[in-house]
Amino acid sequence: MAGSGRLALGTLPRQGWVRGSGPAVLSRLRDAAVVRPGFLSAAEEETLSRELEPQLRRRRYEYDHWDAAIHGFRETEKSRWSEASRAILQRVQAAAFGPGQTLLSPVHVLDLEPRGYIKPHVDSIKFCGSTIAGLSLLSSSVMRLVHTQEPGEWLELLLEPGSLYILRGSARYDFSHEILRDEESFFGERRVPRGRRISVICRSLPERMGPAEPRQPPPAC
Ligand SMILES: O=C(O)CCC(=O)C(=O)O
Ligand SMILES: [Fe+2]
Ligand SMILES: [Mn+2]
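Naming follows an unreviewed UniProt entry, where the chain appears as Alpha-ketoglutarate-dependent dioxygenase alkB homolog 7, mitochondrial of Camelus ferus. Regarding the chain, the relevant UniProt record gives this comment under Sequence similarities (unreviewed entry): "Belongs to the alkB family." In its Subcellular location (unreviewed entry) section, the UniProt entry covering the chain states "Mitochondrion matrix".

Next comes the structure, spelled out in structure tokens:
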């Protein structure tokens, strides 16, 4: 980043790591689209990436499925974690999910290469419940949310390494989310160069699908 290294504020309303098309949408989604910078300590980031790296390295990056939402990625569904990582995931659960919410298991791990990006989509309501919470590792990116009915309503989330984002309720159902490709990766006037990014994503189960029912979650949402 050129210049002083400080965040350029831009002209649109913003609250810390979230900016939006206007004050109304920002305040309406205040509790529905949340970024917690520095949720992970440097040691916790290291713990997760060291644990994930060997598993990810076995896979190849995927490209160019014409209808796919994600390009330049590899992913895995991980159900067995070290004790240190389980403690981190429990912190995510406590921070993002309510006591009545059951989490989709296993946890989704997505590795986007520097050229990789995620097109706008809404996670399947069939398989994922009302809350999505993601940890970002390795490099910063910008997640954009756009209202599916009112494209003039949008939010952008700055996801730095070690941050946690939470999408719930309206932010999860009424807005698409995407991760901007390198050429478009700006947070206001601040350029956010894309490097490799790993995300660790926890989701709640659809509310009607309690633990008593047969669970057959898809490999990913
Ligand atoms: O990488 C992320 O944080 C989000 C991934 C995503 O949107 C998805 O897998 O549905
Ligand atoms: Fe998604
Ligand atoms: Mn997905």
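Now that the structure is up, let's keep going.
## Observations regarding the confidence of the model for the chain
Low pLDDT means the predicted atomic positions in that stretch should not be read closely. Put simply, the chain has an average pLDDT of 90, and 86% of its residues get 70 or more. This stretch, residues 1-8, has a pLDDT under 50; its non-local contacts, to residues over four places away or in other chains, come to eight contacts.

## Side note on the coordination of the iron ion (ligand 2)
Only His121 (NE2), Asp123 (OD) and His177 (NE2) from the protein coordinate the iron ion (ligand 2), and they sit 2.1 Å from it. Each donor residue of the iron ion (ligand 2) lies on one chain, and together they are spaced H-x1-D-x53-H. Between the iron ion (ligand 2) and the manganese ion (ligand 3) the interatomic distance comes to 4.5 Å.

## Section: the packing of helix H2 (residues 42-57) against helix H3 (residues 83-96)
Between H2 and H3, the least distance of the axes is 10 Å, while the angle of their chain directions is 120°. Here the hand of the crossing between H2 and H3 comes out left-handed. Of the residues in H3, those in contact with Glu44, Thr47, Leu48 and Glu51 of H2 are Ala84, Ser85, Ile88 and Arg91. Residues that form the contact of H2 with H3 fall into these classes: three nonpolar, two polar and three charged.

## A few points about unusual backbone geometry
Between Ser105 and Pro106 the backbone carries a cis peptide bond, its omega angle lying at 5°. As for its position among the elements, Pro106 is in the loop between H3 and strand S5 (107-121). The phi dihedral of Leu138 is positive, around 80°, even though this residue is not glycine. Here Leu138 shows up in the loop between strand S6 (131-137) and strand S7 (141-147). Here Leu138 falls in the partly exposed class, since its relative accessible area comes to 40%.

## Here we look at the pairing of strand S8 (residues 154-159)
Regular strands show a simple pattern: their side chains alternate between the two faces of the sheet. Burial analysis of S8 places six of its six residues in the buried class, which makes it a mostly covered element. By the alternation rule, side chains of S8 split into Trp154, Glu156 and Leu158 and Leu155, Leu157 and Leu159, which are all buried. Here three bridges tie strand S2 (residues 18-20) to S8, and the two strands are oriented antiparallel to one another. Bridge pairing in S8 links Gly20 to Leu155. Where S7 folds back onto S8 in an antiparallel hairpin, the turn is made up of six residues.

## A word on the UniProt feature "domain: Alpha-ketoglutarate-dependent dioxygenase AlkB-like" (unreviewed entry) in the chain
Feature annotation in UniProt places "domain: Alpha-ketoglutarate-dependent dioxygenase AlkB-like" (unreviewed entry) on residues 76-203, given in this structure's numbering. Split by type, residues 76-203 is 14% helix and 46% strand. Its first and last C-alpha atoms lie 15 Å apart.

## Comments concerning the pattern of salt bridges
On inspection of all chains with the given rule, the structure shows 16 salt bridges. Across the pair Arg19 and Glu156 runs a salt bridge whose closest N-O atoms are separated by 2.7 Å. Residue Arg19 is located in strand S2, and its partner Glu156 is located in strand S8; the two are separated by 137 residues in the primary sequence. Look at Arg19 and you get buried, because its relative accessible area is 6%. The residue Arg144 makes a salt bridge to Glu178 at a minimum N-O spacing of 3.9 Å. Residue Arg144 is found in strand S7, and its partner Glu178 is found in strand S10 (residues 175-179); the two are separated by 34 residues along the sequence. By sharing partners, the salt bridges in this structure join Glu53, Arg57, Arg74, Asp111 and Arg196 into a single network.

Definitions and limits used
Residues numbered from 1 in each chain as written. Chains lettered and ligands numbered in written order. Predicted model: local features only at pLDDT ≥ 70, side-chain atom pairs only at ≥ 80, totals over all residues. Heavy atoms only, no water. UniProt positions renumbered as here; feature names shortened; annotations may be inferred. pLDDT = per-residue confidence, 0-100. Contact = heavy atoms within 4.5 Å. Donors = N, O, S within 2.8 Å, 3.2 Å for Na, K, Ca; no water. Axes fitted to C-alpha atoms, helices over the stretch in contact; angles between N-to-C directions. Helix = DSSP H or I, 4+ residues; strand = E, 2+ residues; numbered from the N terminus. Left-handed = near helix turned anticlockwise from the far one by under 90°. Nonpolar A, V, L, I, M, F, W, Y, C, P; charged D, E, K, R; others polar. Buried < 20%, exposed > 50% of the residue type's maximum accessible area, 1.4 Å probe, protein only. Pairing = 2+ DSSP bridges. Salt bridge = Lys/Arg side-chain N within 4 Å of Asp/Glu carboxyl O.

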